[in-house]
Amino acid sequence: EYFNPWFIDFADAMHGWLLVYLGAGMSHNYVALLGTTDGGLTWSTLVTPQDSNDIQSCPKTGMVFSDAQNGWLVRECNGLYPAPHILRTTDGGVTWTNIEPPAPADAPNLFSDYVCDIASPNPFSASSVIIAMKCLSLSDYLTQKNYIYSTTDGGATWSSYPFPADYSLGESLYFFDPLNGFAFGRKIYRTSNGGQTWIFVQEVFWSGQFSFVNADQGWASVINDSNEKALVETGNGGVRWDMLNPIVVP
């Protein structure tokens, strides 16, 4: 199961946020949210479990900010709510608003027949974001339907498209711009039309954390089924990966 005890994100050189896990109980996943406006030299507390704020429900799966005021928080609620929630802030993280995206046009009963959770938010502006949604059938908890959701108006309206079927919340959705992006996991996919269609790139035998500087050049810190760890690099968008042997110097 996907779980991260904390998230850190900077919108620019000065404005950053740290979300820290504090404990769980009674369908809650308690967190504190800290913010900095001086590049991390000092931090202030924005949200605590004592605040009347719905971000305390459910394990969090991602937090990103597009600028000093606007950010997105997503979570995995395992069916606690009929529809998955996306949380948005427009005041730098002090308050958050729940947004319930509509069911996809090709699956109007998705939220009643499946348990759906959200991860991998990718913001492009104050009101534009792309996220991933993973859904498991309530009848067998095996059948999976996944979608990519995007909005350009702060969540007032959404577009949705089917997403590679083996994607899980522990994997990464990464977009360079609203059209071009990757789905990273043991099977790597690529899109050039905002997720409307996906092209299979490569299947690898390891799991990893990925970092790309453009659509071709990227790195991954990986671990295989034998618990062997390595650092790998690609220069052609994930088609080929080469192992690196870094040298640590004083």
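The structure we're discussing is the one just above.
Residues numbered from 1 in each chain as written. Predicted model: local features only at pLDDT ≥ 70, side-chain atom pairs only at ≥ 80, totals over all residues. Heavy atoms only, no water.

This part covers the environment of Gln209. You can see Gln209 is positioned in strand S17 (residues 206–212). Judged by its relative accessible area of 64%, Gln209 is exposed. In this structure the C-alpha to C-alpha distance between Gln209 and Ser172, which are 37 residues apart in sequence, comes to 8.0 Å. Every residue in contact with Gln209, bar those within four places of it in the chain, is listed here: Trp219, Ala220 and Ser221. (Helix = DSSP H or I, 4+ residues; strand = E, 2+ residues; numbered from the N terminus. Buried < 20%, exposed > 50% of the residue type's maximum accessible area, 1.4 Å probe, protein only. Contact = heavy atoms within 4.5 Å.)

Under the counting rule described, the total for this entry stands at 2 disulfides. Disulfide pairing places Cys58 opposite Cys77 at an S-S distance of 2.1 Å. Measuring the twist about the S-S bond at about 110°, one finds the Cys58-Cys77 disulfide to be right-handed. Note that Cys58 is positioned in the loop between strand S4 (44–47) and strand S5 (60–65) and Cys77 in the loop between strand S6 (71–75) and strand S7 (86–89), a separation of 19 residues in sequence. With relative accessibility at 3%, the residue Cys58 sits in the buried group. In this model Cys116 forms its disulfide with Cys135; the gap between the sulfur atoms is 2.1 Å. Between Cys116 and Cys135, the S-S dihedral sits near 115°, and the bridge is therefore right-handed. Of the two residues, Cys116 sits in strand S9 (residues 114–123) while Cys135 sits in strand S10 (residues 129–137), which places them 19 residues apart along the sequence. Comparing Cys116 with Cys135, the two get one shared label, buried. (Disulfide = S-S within 2.5 Å.)

Formed by 19 residues in total, the largest nonpolar core has its most connected members in Ile86, Leu110 and Met133. Counting only elements with at least two residues in this core, the list comes to S6, helix H1 (110–113), S9, S10 and strand S11 (144–151). With 4 residues, S10 is the largest single contributor of residues to this core. Setting aside residues up to four positions removed in sequence, Ile86 forms contacts with Trp72, Leu73, Val74, Thr97, Asn98, Ile99, Pro101, Ile118, Ile131 and Trp158. (Core = buried A, V, L, I, M, F, W, Y, C linked by side-chain atoms within 4.5 Å.)

Per the counting criterion, the structure on display carries 20 aromatic pairs. Between Tyr149 and Trp158, the ring centres sit 6.2 Å apart and the planes meet at 65°, which makes this aromatic pair edge-to-face. On the basis of relative accessible area, Tyr149 is assigned to the buried category, the value being 1%. Members of the aromatic cluster, joined through ring pairs, are Tyr174, Phe176, Phe182, Phe184, Trp206, Phe210, Phe212 and Trp241. (Phe/Tyr/Trp six-rings, centres within 6.5 Å; stacked < 30°, edge-to-face > 60°.)

The next thing to look at is the sheet that holds strand S20 (residues 242–244). Read from one edge to the other, the open sheet built from 4 strands follows the order S17-S18-S19-S20, with strand pairing classed as antiparallel. Only two strands of the sheet have a single partner each, and these edge strands are S17 and S20. For this sheet the average axis-to-axis angle between neighbouring strands, irrespective of direction, equals 35°. When S17 meets strand S18 (residues 218–224), the two strands line up antiparallel, connected through 7 bridges. Bridge pairing in S18 places Gln209 opposite Ser221. (Pairing = 2+ DSSP bridges. Axes fitted to C-alpha atoms, helices over the stretch in contact; angles between N-to-C directions.)

Tracing the backbone shows Thr151 in strand S11. Taking the relative accessible area as the measure of exposure, Thr151 reaches 3% and is therefore buried. In this structure the side chain of Thr151 is engaged in a polar contact, spanning 2.8 Å, whose partner is the side chain of Asp153. Of the polar contacts made by the side chain of Thr151, one reaches the backbone nitrogen of Gly155; its length is 3.0 Å. Aside from chain neighbours lying at most four places away, what touches Thr151 is Trp72, Ser127, Ser128, Val129, Ala156, Thr157 and Trp158. (Polar contact = N/O pair within 3.5 Å; in protein donor to acceptor, adjacent residues only side chain to side chain.)

Our focus in this paragraph is a nonpolar patch on the surface. Side chains of Trp6, Ile8, Phe10 and Trp43 sit close together on the surface and give an oily, nonpolar patch of about 400 Å² of accessible area. With a relative accessible area of 35%, Trp43 lands in the partly exposed category. (Patch = residues over 30% accessible without salt bridge, like charges linked within 9 Å, V, L, I, M, F, W, Y side chains within 5 Å. Areas by Shrake-Rupley, 256 points an atom, 1.4 Å probe, with all protein chains shown as cover. Salt bridge = Lys/Arg side-chain N within 4 Å of Asp/Glu carboxyl O.)

Turning our attention to the pattern of salt bridges. Counting across every chain of the model gives 2 salt bridges. Linking Arg240 and Asp242 is a salt bridge whose minimum nitrogen-to-oxygen distance equals 2.8 Å. Judged by relative accessible area, Arg240 falls into the exposed class, the value being 52%.

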